Amino acid sequence: MNHVRTDGAASMSLSQLVPDTHAAACLTEPTARRLNVVPLYLLRNNGLDTLIVGSSQPDSDSLKERLARQLPDTVRAQFLHVDARAIPDALNRCYKTLMSVDDVLACCSVTDQQQQGGEPLLPDVAISLVEALLQEACRHRASDIHVSPLSVSDDAGVLVRFRIDGVLKPFVTLRSGLYSGLLVRIKILADIDIAETRHPQDGQFVLWIAGHHVDFRVSSFPTIVGENLVLRVMNPQSSLASLEQLKLPATTVRQFDNILARPEGMVIVCGPTGSGKTTTLYALLNELDESSLNIMTLEDPVEIRSTSFRQTSIDPDRALDYAHGLRAMLRQDPDVLMIGEVRDSESCHMLLRAVMTGHRVFSTVHANSALGAIDRLLELSIQRSMLVTHLAAVASQRLVRLTCKHCSGQQAGCANCKGTGYFGRRVIIELLIMDAQLAALLNSGASALQVNEYAVSTGFKPLHEQGLDLIRQGLTTAEELQRVLGMPEVAGESSGPVADAVSSSP
Ligand SMILES: [Zn+2]
């Protein structure tokens with residue numbers, strides 16, 4: 001982890017370092033050893049790059065001068081404090097495991113001939129292979145890494161896939177002989193029992209890759225051909241965004257600003273798994289003045305870490321579920337509560353009571369549209385009038401892949417988008433704001449068609465229209481919108497009375 005020492009210099013632990021090939025290329029091994037510095041990471045910045053260097057004397061002016069003489073003119077150095085005792089080992093790793101997945105595989109086939117196949121992977125090769133895979137995953141901006149044995153026989157291999165921008169893509173197929181070494185290495189990193197192969201397990205580890213601490217959540221699952229591993233890549237740099245960084249239309253930002261200015265009320269965000277709900281919730285919390293507010297979160301688990309909020313992961317092993325946690329949190333004098341998901345009636349009631357007593361509440365529900373979310377909440381909460389009075393807004397969202405700017409989404413793609421034609425994603429949000437008239441309509445049990453008509457008349461813009469706007473701006477494609485929303489009917493996934501009537505309307 002990154003720490004700040006008492007004298008203010010940042011410091012890091014070298015045990016978590018995954019060597020960065022670009023950084024090591026800036027400095028020869030003899031120079032690094034002579035100066036006793038570790039090339040950690042190269043920050044690229046159009047012509048003037050910054051090399052982050054680890055040293056036990058980050059404040060030494062003479063060291064800075066000696067290093068500057070060794071670096072190319074276009075590279076300047078920035079120092080981090082590291083433990084002197086860890087430097088020799090870190091240098092060994094920097095200059096010995098600078099391998100791509102291809103390098104590792106080439107090296108494996110050599111050891112293979114020596115071992116005549118079938119033998120378990122040598123430990124140091126397994127370490128290099130896992131490091132190379134994790135590094136490639138980060139370079140490809142993958143959110144998940146899937147390692148799947150394809151068959152019990154030796155010839156089928158192990159499929160490694162990356163989920164990039166929400167879509168799973170094959171990355172490499174490894175020989176079956178590499179499987180056990182890979183599995184064991186990842187289990188050791190994640191502190192998972194390596195002898196247990198018949199029950200699902202989970203664990204986590206943190207590595208320093210390309211200048212960031214990257215958190216990997218590991219899940220193993222027994223299949224009929226062996227354990228399937230999925231690693232969720234939690235890169236805090238990529239997920240903690242401000243409202244501005246979400247690049248929402250100006251109208252939506254203004255509406256969110258108005259909601260955030262209210263001292264109380266419940267804001268619900270809905271959408272499928274992986275649609276960026278947590279990112280949106282954190283972007284909203286980030287807009288609040290954390291110095292004057294006690295902002296608390298209860299999640300399953302905490303995905304984005306921030307020092308501005310009091311964050312807790314639910315933990316069923318310690319009887320800390322949403323209902324229990326929420327009750328305890330209310331005794332912590334909170335101003336703002338963010339709850340990962342409203343799953344049961346008890347939690348829903350507690351949240352509404354919290355709003356009644358002057359709190360702001362943010363949460364998610366499982367629904368596919370803003371109107372569907374209201375149906376879902378009505379199923380959970382008994383009193384319609386109570387919900388309608390305290391609900392401030394409901395947002396429903398999806399993530400849409402953006403057309404690659406380098407190749408304009410040409411069929412073959414390019415190196416930038418790895419041949420997919422898409423690069424990065426943008427969130428689209430339909431935002432339903434509660435006002436007196438909408439509350440009255442919902443309270444009176446008005447038909448969904450009436451509710452929808454009123455909402456549209458006050459500026460409510462459904463998801464598919466938000467998506468069409470992106471197509472008009474040339475940011476995405478009709479195919480992508482269809483993949484994300486399904487066509488032609490967009491609002492028809494929910495089964496509640498409000499959403500149903502809307503989806504069957506002309
Ligand atoms: Zn491209």
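Residues numbered from 1 in each chain as written. Predicted model: local features only at pLDDT ≥ 70, side-chain atom pairs only at ≥ 80, totals over all residues. Heavy atoms only, no water.

A. Summary view of the pattern of salt bridges. Under the counting rule described, the total for this entry stands at 16 salt bridges. Residue Asp 300 pairs with Arg 343 through a salt bridge whose shortest N-O separation is 3.0 Å. Taken together, the residues Asp 300 in the loop between strand S13 (295–299) and strand S14 (310–313) and Arg 343 in the loop between strand S15 (336–339) and helix H12 (345–356) connect sequence positions 43 residues apart. You can call Asp 300 partly exposed: its relative accessible area is 40%. The partner of Asp 469 in a salt bridge is Arg 472, with the nearest N and O atoms 2.5 Å apart. Within this pair, Asp 469 and its partner Arg 472 are both found in helix H17 (residues 463–472), separated by three residues, close to a single helical turn. Among the charged side chains, a salt-bridge network with shared partners connects Asp 300, Glu 341 and Arg 343. (Salt bridge = Lys/Arg side-chain N within 4 Å of Asp/Glu carboxyl O. Helix = DSSP H or I, 4+ residues; strand = E, 2+ residues; numbered from the N terminus. Buried < 20%, exposed > 50% of the residue type's maximum accessible area, 1.4 Å probe, protein only.)

B. Summary view of a nonpolar patch on the surface. Together, Val 184, Ile 188 and Ile 194 give the surface a local cluster of nonpolar side chains, amounting to about 230 Å² of exposed area. Relative to the helices and strands, Ile 188 resides in helix H7 (residues 179–189). A relative accessible area of 48% places Ile 188 in the partly exposed class. (Patch = residues over 30% accessible without salt bridge, like charges linked within 9 Å, V, L, I, M, F, W, Y side chains within 5 Å. Areas by Shrake-Rupley, 256 points an atom, 1.4 Å probe, with all protein chains shown as cover.)

C. The arrangement of unusual backbone geometry in detail. Cis geometry is adopted by the peptide bond preceding Pro 301, which originates at Asp 300 and carries an omega value of -10°. Position of Pro 301 among the secondary structure elements: in the loop between S13 and S14. Non-glycine residue Arg 141 carries a positive phi angle of around 60°. Along the chain, Arg 141 falls in the loop between helix H6 (123–139) and strand S6 (142–149).

D. Local environment of the pairing of S15. Residues Val 336 and Met 338 point to one face of S15 and Leu 337 and Ile 339 to the other, with burial holding for every one of them. The sheet contact formed by S13 and S15 spans four bridges and is parallel. Each residue of the ladder has a partner; that of Met 296, found in S15, is Leu 337. Bridge count for S15 against strand S16 (residues 360–365) is four bridges, and the pairing is parallel. (Pairing = 2+ DSSP bridges.)

E. Layout of the sheet that holds strand S18 (residues 422–433). Reading across the sheet, the seven strands line up as S14-S13-S15-S16-S12-S17-S18 and stay open at both edges, with mixed pairing between neighbours. The open sheet has two edge strands, S14 and S18, and neither has a second partner. In this sheet, adjacent strand axes meet at a mean angle of 20° when their direction is disregarded. Packing of helix H9 (residues 250–261) onto the sheet brings it into contact with strand S12 (265–270), S16, strand S17 (391–403) and S18, and relative to S18 it is tilted by some 55°. (Axes fitted to C-alpha atoms, helices over the stretch in contact; angles between N-to-C directions. Contact = heavy atoms within 4.5 Å.)

F. Local environment of the nonpolar core. Counting 45 residues, the largest nonpolar core has Met 266, Ile 268, Val 342, Val 365, Leu 377, Leu 391 and Leu 432 as its most contacted members. Ranked by the residues each element gives to this core, the list is headed by helix H13 (residues 370–380), at seven residues. Counting residues in hydrophobic clusters, the runner-up holds 36 residues, among them Leu 129, Leu 183, Phe 205 and Ile 209. (Core = buried A, V, L, I, M, F, W, Y, C linked by side-chain atoms within 4.5 Å.)

G. Focus on the coordination of the zinc ion. Taken together, the protein ligands of the zinc ion are Cys 404 (SG), Cys 407 (SG), Cys 414 (SG) and Cys 417 (SG), with distances of 2.3 Å. Taken together, the four donor atoms coordinating the zinc ion and their angles of 105 to 112° define a geometry best described as tetrahedral. Ordering the donors of the zinc ion by residue number gives the pattern C-x2-C-x6-C-x2-C. In this pair, Cys 404 sits in the loop between S17 and S18 while Cys 417 sits in the loop between S17 and S18, placing the two residues 13 residues apart along the sequence. By relative accessible area, Cys 404 is classed as buried at 1%. What makes Cys 417 buried here is its relative accessible area of 4%. (Donors = N, O, S within 2.8 Å, 3.2 Å for Na, K, Ca; no water. Tetrahedral: all angles 85-135°; square planar, octahedral: opposite > 155°, others 65-115°.)

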